[in-house]
Amino acid sequence: MSEGKNNVSKKTLNTIVSDLTRPIKNHYGFTPWILFLTGIILLGLFAYIIQLKNGLGVTAMRDYVSWGLYISSFIFFIATALIGMLISAVLGLIGIKWITPISRIAEMIALGFAMWAGLIIIFDMGRPDRILNIFMHGRLQSPIVWDITVVNTYVVISILLFLLPLIPDIPFLKKTMKDQPTWKQKIYNLLSFGFVGRPEQYALIKRLIRITAILIVPVALAIHTVTSWLFASTLRVGWDSTIFGPYYVTGAFVTGGAAVVIAMFVFSRDFRLKNYITDFHFDKMGRLMVLLMLVYLYFNINEFLVPGYKMKLAEKPHLYELFQGDFALMFWLVQIGGLVLPVILLLFKKMRKPVPSLVIAVAVIIGAFFKRYIITIPTLLHPHLPIQNVPEEFSTYWPTPIEWSITMMAVAGALLIITILAKLFPVIPIWETAYEEGITTEEMNEFVKKEND
Amino acid sequence: MINHKNITMKYININRKVTALLFILMTFSTSLNAQWNIPKEAKNSIPPVEATYKTVEEGKVLFQKNCISCHGIPGKGENNKAINATDLGDESYQLKHTVGEVFYQFNTGMGAMPSFKNRFSEEEKWHIAFYVKSFDNSFKISGERIKTLNANLKMSINDSDKTIKVTATVTDDNGSINAAANTKINFYVKRIFGNMPVSEDIKTNEDGIAVFKFPDDIPGDEKGKIKIIAGFEDTDRYGKNTETAEVTWGKVLHYENPNLKRTLWGSNKRVPVWLLITYLSVTLGVWFVIFYVAFQITRIKNAGK
């Protein structure tokens, strides 16, 4: 793609390597950020210990709302993790070039969020020691078993898809990281798998990347479809829908896309990679977001207009609650502020510049989080068979500080994984960037060897 | 008197609470200040039917179905005080109301007390009034009080033509045994929730013998087993003695326990085959590729030589 060559002049291999590895060495601002994340995680751990000791009674979840903030966060995390598949696999396989500098960022986000998604399920359990029961006594008929299977599979494939394109970068890291602690060099040695840049090795790795990229597409579609089936396979109002699978998948792309835009902004500024993640990439991501959000909007209209037009008796209180009841403010903020307005704004070229993109992406991702909240909680507040003489507290739900702390721990944990990965490995693939700048593999090998001698 | 208690007590207790809630508004708005305004002619109205032990008994059955949820069994203080329902067995009530007034009251209704005008026939309404007034000792009931005889049934089973012969006898006070002639015998089949009548108009002959040909289409259990119960229709006269016999005349039940099938809602052992195949092939297929890729990574080193 000719427009891939942007306003930046041709870079030499030397500048590429030093630009992309510099953030790994440079620790400016790193310690406060890590301390901040660790603080949140420690607070969450403290809250979790309280929850373990006293049981789920410390949450606001009662007989009506038994899936609260944890499960809605779980869907949000799974959704965010799905972007790795879209960017690196789907766009990569069709040969779109502008994703080169952001594919690894997308994979890092996928890894961080997918890993913590599994943990959130455990946070939602009053007796986490019983998690083994699902492997010993789980029923294959239950979507929960499918979900556990597919989440674990996705994490493993995501690790592979992160690791494989990393291998050709390792020789550059080995060379430039000689002044770094030995444990880091041991990791690089381990992950190089004996890669020395031979054409056969490149061919093998490219083939493996291709296999994994193809494999992750159905698995990623499955992960979010199955997550939606946890809801759609019930008869509950608001969940009993045939389009929940694609509705969740497209919603996930919107969420993950916004997460990638935010990460692109942070890395391009904080890691000083403006020459690599340029306005051009923000523009492309903005266009992609418009497409994804329009598809998602289409599903949203389906999901609410069709039942709203019919107004079946059981759906009526639920829909009224969303449209003009207790959840109306959140609902319309999410739909308009998190979906309709971003679509309109991103249609303008000026709005696809980095800073406006960041603001819009933050709005989209906050909207996406509360969208999951709106999918989960109002339905549970409208059971088909209300309990008689139910205590007042059962019919409302507002998450307790314990729940918020544990959820924030999950967010901080995912960010911590992304941070650690970004401090260990270049966030932009060196070899692919160099290759696109017209540098051959022989030149790369020579570069590595020369410095090593 | 009669054992209506065990069947209905539970029902009464629940029903009382519900009725109390439902009627509380009505009570406060209307019946608290309302007064019965019974016309004088009601006081002396003459029942078109006679008050006998039989009609009182029929009134009792209707009363139990329709009245005790609020009024309770007369004389036991089970009336619902929350809605000002009267205990109809109370002396103060009985002294103040003639049978005609009782009739008028539930025919018309007042406040929380609904009108039963169109619910029952004229006769039935009088029967209920008789029953209510039967708690007044000065109320005259004609006819003879029914005396239960010491009756017995003997069943003999004939498997070849599926008939049951019943011999009904009555032992009198002197100990001599006589045939219970010309009385109706009912046959039932025991089902889960009570007894199902299977006979019509079977009467004993002069010798107290009745023969019943068992129908062919009654479902039995997995072995065709059926429990047959025989009893007198006129329980007031002959008592509630029944005789039971087990036969294998029922249609054999072909019952497939759905819990033993492979279903979506079954246990893990009974997962549907299509689901098992789908799950295993997809999961194993994906993990095969994962292991293949992981194995190939270890071959990168060799490829470099």
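Residues numbered from 1 in each chain as written. Chains lettered and ligands numbered in written order. Predicted model: local features only at pLDDT ≥ 70, side-chain atom pairs only at ≥ 80, totals over all residues. Heavy atoms only, no water.

Chemist: Looking at this model, I keep getting lost on the overall build of chain B. Mind explaining?
Modeler: The helix and strand tally for chain B stands at ten helices and nine strands. The buried share of chain B, reckoned over its 305 residues, is 38%. Counting only contacts in chain B whose residues sit at least 6 apart along the sequence, the fraction spanning at least 24 positions is 58%. When the accessible surface of chain B is summed, it comes to about 19,000 Å², and 55% of that surface belongs to carbon and sulfur atoms. (Helix = DSSP H or I, 4+ residues; strand = E, 2+ residues; numbered from the N terminus. Buried < 20%, exposed > 50% of the residue type's maximum accessible area, 1.4 Å probe, protein only. Contact = heavy atoms within 4.5 Å. Areas by Shrake-Rupley, 256 points an atom, 1.4 Å probe, with all protein chains shown as cover.)

Chemist: Before we go on, may I ask you to explain unusual backbone geometry in this structure?
Modeler: You will see that A:Met311, though not glycine, has its phi angle at about 50°, which is positive. Along the chain, A:Met311 turns up in the loop between helix H12 (279-310) and helix H13 (315-324). The backbone of B:Asp201 shows a phi angle near 50°, a positive value even though the residue is not glycine. Mapping B:Asp201 onto the fold places it in the loop between strand E5 (194-197) and strand E6 (202-203).

Chemist: Mind showing me how you'd approach the pattern of salt bridges here?
Modeler: In a structure, side chains of opposite charge can pair up when their charged atoms sit close to one another. Scanning the entire structure with this criterion turns up 16 salt bridges over all chains. Taking the shortest distance from any N to any O, the salt bridge between B:Lys125 and B:Glu122 comes out at 3.4 Å. Of this pair, B:Lys125 and B:Glu122 are both found in helix H7 (residues 122-133), three residues apart, which corresponds to roughly one turn of the helix. For B:Lys125, a relative accessible area of 3% corresponds to the buried category. You can call B:Glu122 partly exposed: its relative accessible area is 43%. When salt bridges that share partners are traced, they join A:Asp283, A:Arg287, A:Lys349 and A:Arg352 into one network. (Salt bridge = Lys/Arg side-chain N within 4 Å of Asp/Glu carboxyl O.)

Chemist: I'm lost on the environment of A:Ala361 in this one. Help?
Modeler: Examined against the element boundaries, A:Ala361 turns out to sit in helix H15 (residues 354-380). What A:Ala361 contacts, discounting residues up to four positions off in sequence, is A:Ala258, A:Val261 and A:Ile262.

Chemist: Could you clarify how one ought to interpret a nonpolar patch on the surface in this entry?
Modeler: Residues and elements named next belong to chain A. On the surface, Trp332, Ile336, Leu341, Ile344, Leu345, Leu347 and Phe348 cluster together into a nonpolar patch covering about 650 Å² of accessible area. Considering the arrangement of structural elements, one finds Leu345 in helix H14 (residues 328-346). Looking at Leu345, the relative accessible area reads 31%, which means it is partly exposed. (Patch = residues over 30% accessible without salt bridge, like charges linked within 9 Å, V, L, I, M, F, W, Y side chains within 5 Å.)

Chemist: Would you take a moment to explain the confidence of the model for chain A for this structure?
Modeler: Close inspection of predicted coordinates is inappropriate for parts of the model with low pLDDT. Summarising the model, chain A shows a mean pLDDT of 90, and 97% of its residues fall at 70 or more. Segment residues 1-8 of chain A: pLDDT under 50, and eleven contacts once partners within four positions in sequence are set aside and those in other chains are kept. (pLDDT = per-residue confidence, 0-100.)

Chemist: Please explain the interface of chain A and chain B as it appears in this structure.
Modeler: Interface size is commonly expressed as the accessible area that is lost once the parts come together. Contacts between the two partners involve 29 residues from chain A, matched on the other side by 27 residues from chain B. Summing both partners gives a buried area of about 2,300 Å² for chain A against chain B, and 74% of it is carried by carbon and sulfur. Between the two partners, chain A and chain B, sit zero salt bridges. Connecting chain A to chain B are twelve residue pairs in polar contact (both at pLDDT 80 or more). Residue assignment for the side of chain A that touches chain B shows that the elements contributing at least two residues are helix H7 (143-163) and helix H10 (199-232) of chain A. (Buried area = accessible area lost by both parts, 1.4 Å probe. Polar contact = N/O pair within 3.5 Å; in protein donor to acceptor, adjacent residues only side chain to side chain.)

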